[in-house]
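The lines below spell out each chain.
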Amino acid sequence: MSITSAFRICPTTGLKVDRAAENLIKVNAVAAVVFLLIGGLFGLSIALSRWPAVHLLPAEWFYLALTAHGFDVLLAWIIFFEMAVLYFASAVLLNCRLAAPRWAWAQFGLMLAGALMANVAVLQGNSSVMFTSYPPLQASPWFYLGLILFAVGALIGCAVFFGTLVVAKDEKTYEGSVPLVTFGAVTAAIIAVFTLASGAIILIPTYLWSIGLISSVDPLMYKLVWWGMGHSSQQINVSAHVAVWYAIGAIVLGAKPISEKVSRMAFLMYILFLQLASAHHLLVEPGVSSSWKIFNTSYAMYLAVLGSMIHGLTVPGAIEAAQRAKGFNKGMFEWLRKAPWGNPAFAGMFMSLVMFGFLGGISGVVMGTEQINLIMHNTLYVPGHFHATVVAGTTLAFMAITYLVVPLIFRREIAFPKVAQLQPYVFAIGIAGISLFMMGAGTLGGPRRHWDITFADALTSFQFSPAAFLMLALNGIFACMAALGGAMYIFVVVWSVFFGRRIGDTEKLQLGPATGSQAAAAVASYGNEGTLKIPGTVTLVGVFFVSFVLYYYVNWKYLAELWPLK
């Protein structure tokens, strides 16, 4: 096949890169990093306000910051980056042209306009409704309109992604099934359609309410449909960052999945069950039946969690198999000790995997259990949990793959390599502390939505355990560390993109122990599978299960102590 000026050949991987897709990957990734910076600053101010000894912001500014932080990091940063992932997983990995690039630019324009509109509305001070924005709290019409434009833009991006898959199939740019990384992106996009459509469906009448065209929005209906977006948006993240795990393992180490069929089945479980986990936000609502609540916080949740546990076995298993194939066979863990821990892409990916499983996964199952959820849902345990999933899991994984995207797509060398090597560790330690200490404060009853847990202006006094205050102080300290790690990431990435050494058009890069051809073969593998001799991974999975059982037991013990039977 002849290559026109609309494409370039990546000298490292040999992949054919559509220049239209490449430009769209660049602008979406840059926008994502900008909103990460904005949202991160708001997040730091929130943590310092929850720290009773600092108490940085007054109440009105606290709720303003909470609203902006939720939108900028849970939606803007992540979904902009996911648009870049979708274009990479379709046009680049499948060696084809991007379908409808003009519509893809419309995606970027609408999302950018909507994100800016929502931020301006919040900063004007009349839209401090927090991330959930439950009626009867009412924001500015511009806030709702911004969210609607953002959601519509992202839906267009998903449509372009699916169109690109059709183009690749029709033009036979690949053989057999799509690569596993692309399959993971398909999963994310399918969930995204449901998620973003839910947001648009409920936000349109809410917008009409805000401008006075309809008299009211039923709070229960709003909550039910909104959580189809609010919780399911995090399931887009899970699917996307798991795909990123596979991609980094393939690019850096040439790791091939142990069983593609099993990994694909795990992704399908996300589509079928993961969105239903939003039930844990509706357990006290009268509009849905007890049977629905019980089913979705038990059997449906277990099947969704099974999908993540499968990936938790297959991703490190593929890495172990690749390392053992290189000769790292001494003992049970030489493959892990000799892994490229100085490579920020690998280090960030592996820490994302571990923290997502041990902190986010275990706490998610515990919190998603109906009986336990009822005593912890409106506590700081909830944001502690989703900082473990969305930040320690998704954000850290996206940071990690950025260290590959910059040289491969932006064609720039990573600047300040020593800072880049340290960055994942600084950020990971910081966010692990945030998650642990918020969950600790929540276990002690600390409220998740209140500006001041001392209740200094309350008519009746209430005193939390001194340990809760300690937890919030430690949360503030580790938030500063996470902010430092985030600043290091933004500094390295921005400097690299705009001022880093330009990589020559024919210059081959060594992104890890795997060669370019090994990386390309692994990331675009079609049914090739690794070995099952992975004793180290099996041992790590055993440690995970023991931790899971012990923590589950402790929380049921806490629950049993609330209602003593005599």
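This is a predicted model, so every value here is computed, not measured.

**Q** Can you walk me through the layout of surface pockets in this structure?
**A** The method is simple in principle: a probe with the dimensions of a water molecule rolls over the atoms, and the space it marks as empty is what remains. Here the second largest pocket defines a volume of roughly 370 Å³. Residue lining of the second largest pocket: 18 residues in total, with P344, Y403, I414, Q510 and L511 positioned closest to the centre. A per-class count over the lining of the second largest pocket returns 11 nonpolar, five polar and two charged.

**Q** Would you explain the packing of helix α10 (residues 299–325) against helix α12 (residues 344–368) in this entry?
**A** In a packed pair of helices, the relevant descriptors are the angle between the two axes and the axis-to-axis distance. Packing of α10 against α12 brings their axes to within 11 Å, and their N-to-C directions diverge by 160°. Classified by the interaxial angle, the pair formed by α10 and α12 is roughly antiparallel. For α10 against α12, the interelement crossing comes out left-handed. Seen from α10, the contacting residues are M301, V305, S308, V315, P316 and I319; seen from α12, they are F346, M349, F350, L353, F356, G364, V365 and G368.

**Q** It is not clear to me how a nonpolar patch on the surface should be interpreted in this structure. Could you clarify?
**A** A cluster of nonpolar residues, F416, F491, V494, W495, F498 and F499, forms a patch on the protein surface that exposes about 600 Å² of accessible area. On the secondary structure map, F499 appears in helix α16 (residues 466–499).

**Q** Looking at this structure, I do not really get the nonpolar core. What am I missing?
**A** In terms of nonpolar packing, the biggest core is built from 167 residues, with F80 and Y489 touching the most fellow members. At 23 residues, the largest contribution of residues to this core is made by helix α2 (residues 59–92). A domain split of this core shows at least three residues from each of domain 1 (8–176) and domain 2 (344–502). Ignoring any residue separated from it by four or fewer positions in sequence, one finds Y489 in contact with V33, L36, W77, F81, F398, M399, T402, Y403 and Q423.

**Q** How do you make sense of the domain arrangement of the protein chain when you look at a structure like this?
**A** Buried accessible area, meaning the area lost when the parts come together, often serves as the stated size of an interface. Segmentation of the protein chain into domains returns domain 1 (8–176) and domain 2 (344–502). The interface is formed by 36 residues belonging to domain 1 together with 30 residues belonging to domain 2. Roughly 2900 Å² of surface becomes buried between domain 1 and domain 2 when both sides are summed, with 75% attributable to carbon and sulfur atoms. Three residues, R50, W51 and F81, lead the burial of domain 1 against domain 2; their summed loss comes to 20% of the area buried on that side. Where domain 1 packs against domain 2, one counts zero salt bridges. The tally of links from domain 1 across to domain 2 stands at seven residue pairs in polar contact (both at pLDDT 80 or more). Broken down by element, the side of domain 1 that touches domain 2 gets its largest block of residues, 13 residues, from helix α1 (residues 19–50). Residues belonging to the side of domain 1 that touches domain 2 are distributed by class as follows: 25 nonpolar, six polar and five charged.

Procedures and definitions
Residues numbered from 1 in each chain as written. Predicted model: local features only at pLDDT ≥ 70, side-chain atom pairs only at ≥ 80, totals over all residues. Heavy atoms only, no water. 1 Å grid on protein atoms, 1.4 Å probe; cavity = no way out; pocket = protein on both sides within 12 Å on 5 of 7 lines; lining within 4 Å. Points joined across faces, edges and corners; volume = space filled by probe spheres on them. Nonpolar A, V, L, I, M, F, W, Y, C, P; charged D, E, K, R; others polar. Axes fitted to C-alpha atoms, helices over the stretch in contact; angles between N-to-C directions. Helix = DSSP H or I, 4+ residues; strand = E, 2+ residues; numbered from the N terminus. Parallel < 35°, antiparallel > 145°, perpendicular 65-115°, else oblique. Left-handed = near helix turned anticlockwise from the far one by under 90°. Contact = heavy atoms within 4.5 Å. Patch = residues over 30% accessible without salt bridge, like charges linked within 9 Å, V, L, I, M, F, W, Y side chains within 5 Å. Areas by Shrake-Rupley, 256 points an atom, 1.4 Å probe, with all protein chains shown as cover. Salt bridge = Lys/Arg side-chain N within 4 Å of Asp/Glu carboxyl O. Core = buried A, V, L, I, M, F, W, Y, C linked by side-chain atoms within 4.5 Å. Buried < 20%, exposed > 50% of the residue type's maximum accessible area, 1.4 Å probe, protein only. Domains from an automatic or database assignment. Buried area = accessible area lost by both parts, 1.4 Å probe. Polar contact = N/O pair within 3.5 Å; in protein donor to acceptor, adjacent residues only side chain to side chain.

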